[in-house]
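A structural walkthrough
Residue strings, one per chain:
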Amino acid sequence: MEDHGISKAVVKRLPRYYRYLGDLIEAKVERISSNELSDMMNVTASQIRQDLNNFGGFGQQGYGYNVKYLYQEIGKILGLDKTYSMVIIGAGNLGQALANYVKFEKRGFVVKGIFDINPRLKGVAVRGIEIRMVDELPEFIREHKIQIATLTLPKTGAEKVAPILAENGIQAIWNFAHTDLHLPENVVVENVHLSDSLMQLSYNLNHLNQ
């Protein structure tokens, strides 16, 4: 599906639609109107219709949206009808927590390997996956056709390993390191800065009653 010109704001809302529709399926709701979805999500009905019209609309006049169908179609738009091979680099608390999060695999993100530079962690198993050393990465990426790398390293470590990942065929990086990575355009980078989010929370808290 051609999606050139779709705004980042629309793309950012798609996972939220997907999550709410999943909840509706669990509640055995078969159809929903844009107004009903608007009430649930605190997004205007007009915005919902505009967002979905970017991809074909999916609704029917007088009927609304078939929940299961819309859920499946948004899943396809997000690429969740595919399976992705992923490695985690940085086997500290955050890295191990991500490795233990089984819902990733339900979404098609399969953790194939965990890597670290600490020799004391070599061979330690996290959810049945043995931690390997970072110097094994290039061969492992090529051998297992890894597409996604998750970085839970300190800033300097992430900046050092990111080019190695790009050179060895990694197509996307989920970056939790405290730095913005700048890589070739053929590598997709999603920066997740937890401290930025916490500072935004602090700002909103401090301006709540002003």
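Residues numbered from 1 in each chain as written. Predicted model: local features only at pLDDT ≥ 70, side-chain atom pairs only at ≥ 80, totals over all residues. Heavy atoms only, no water.

**What to know about the packing of aromatic side chains**
For the structure shown, the criterion picks out 7 aromatic pairs. Relative to Phe-109, the ring of Tyr-84 lies with its centre 5.3 Å away and its plane at 15°, an arrangement referred to as stacked. Note that Tyr-84 is positioned in strand S3 (residues 84-89) and Phe-109 in strand S4 (residues 109-116), a separation of 25 residues in sequence. Given the relative accessible area of 18%, Tyr-84 is considered buried. The partly exposed category is assigned to Phe-109, whose relative accessible area is 23%. Both rings, one in Tyr-101 and one in Phe-104, keep their centres 4.8 Å apart while their planes meet at 70°; by these two values the pair is edge-to-face. Judged by its relative accessible area of 15%, Phe-104 falls in the buried class. An aromatic cluster is built from Tyr-101, Phe-104, Trp-174 and Phe-176, whose rings are joined through pairwise contacts. (Phe/Tyr/Trp six-rings, centres within 6.5 Å; stacked < 30°, edge-to-face > 60°. Helix = DSSP H or I, 4+ residues; strand = E, 2+ residues; numbered from the N terminus. Buried < 20%, exposed > 50% of the residue type's maximum accessible area, 1.4 Å probe, protein only.)

**A few points about the nonpolar core**
In this structure, Tyr-17, Leu-21, Leu-52, Leu-70 and Ile-74 are the most contacted members of the largest nonpolar core, which totals 21 residues. The element best represented in this core is helix H1 (residues 8-26), accounting for 7 residues. Those residues in contact with Leu-52 that sit more than four places away from it in its chain are Gly-57, Phe-58, Tyr-65, Leu-70 and Ile-74. (Core = buried A, V, L, I, M, F, W, Y, C linked by side-chain atoms within 4.5 Å. Contact = heavy atoms within 4.5 Å.)

**Here we look at the packing of H1 against helix H2 (residues 34-41)**
At a minimum axis separation of 11 Å, H1 and H2 run at an interaxial angle of 105°. Viewed along their axes, H1 and H2 adopt a mutual orientation that is roughly perpendicular. Taken together, the residues of H2 that come into contact with H1 (itself represented by Arg-16, Tyr-17, Tyr-20 and Leu-24) are Leu-37, Met-40 and Met-41. Grouping the amino acids of the contact of H1 with H2 by side-chain chemistry returns 6 nonpolar, no polar and 1 charged. (Axes fitted to C-alpha atoms, helices over the stretch in contact; angles between N-to-C directions. Parallel < 35°, antiparallel > 145°, perpendicular 65-115°, else oblique. Nonpolar A, V, L, I, M, F, W, Y, C, P; charged D, E, K, R; others polar.)

**Let's talk about the pairing of strand S8 (residues 172-175)**
Looking down a regular strand, the side chains alternate between one sheet face and the other. Note that strand S7 (residues 148-151) and S8 share 4 bridges and pair parallel. Pairing of Ala-149 across the sheet is with Ile-173, part of S8. Regarding topology, helix H8 (residues 155-167) serves as the crossover connection from S7 to the parallel S8, and that connection is right-handed. The pairing of S8 with strand S9 (residues 188-191) spans 4 bridges and is classified as parallel. Directly across from Trp-174, in S9, lies its bridge partner Glu-190. (Pairing = 2+ DSSP bridges. Right-handed = clockwise from strand over helix to strand, strands pointing away.)

**Side note on the packing of H2 against helix H3 (residues 45-53)**
Between H2 and H3, the shortest axis-to-axis distance is 8 Å and the interhelical angle comes to 110°. By the angle class used here, H2 and H3 are roughly perpendicular. As H2 packs across H3, the resulting crossing turns out to be right-handed. Mapping the contact onto sequence places Ser-34, Asn-35, Leu-37 and Ser-38 in H2 and Ala-45, Ile-48 and Arg-49 in H3. Of the residues in the contact of H2 with H3, the class split is 3 nonpolar, 3 polar and 1 charged. (Left-handed = near helix turned anticlockwise from the far one by under 90°.)

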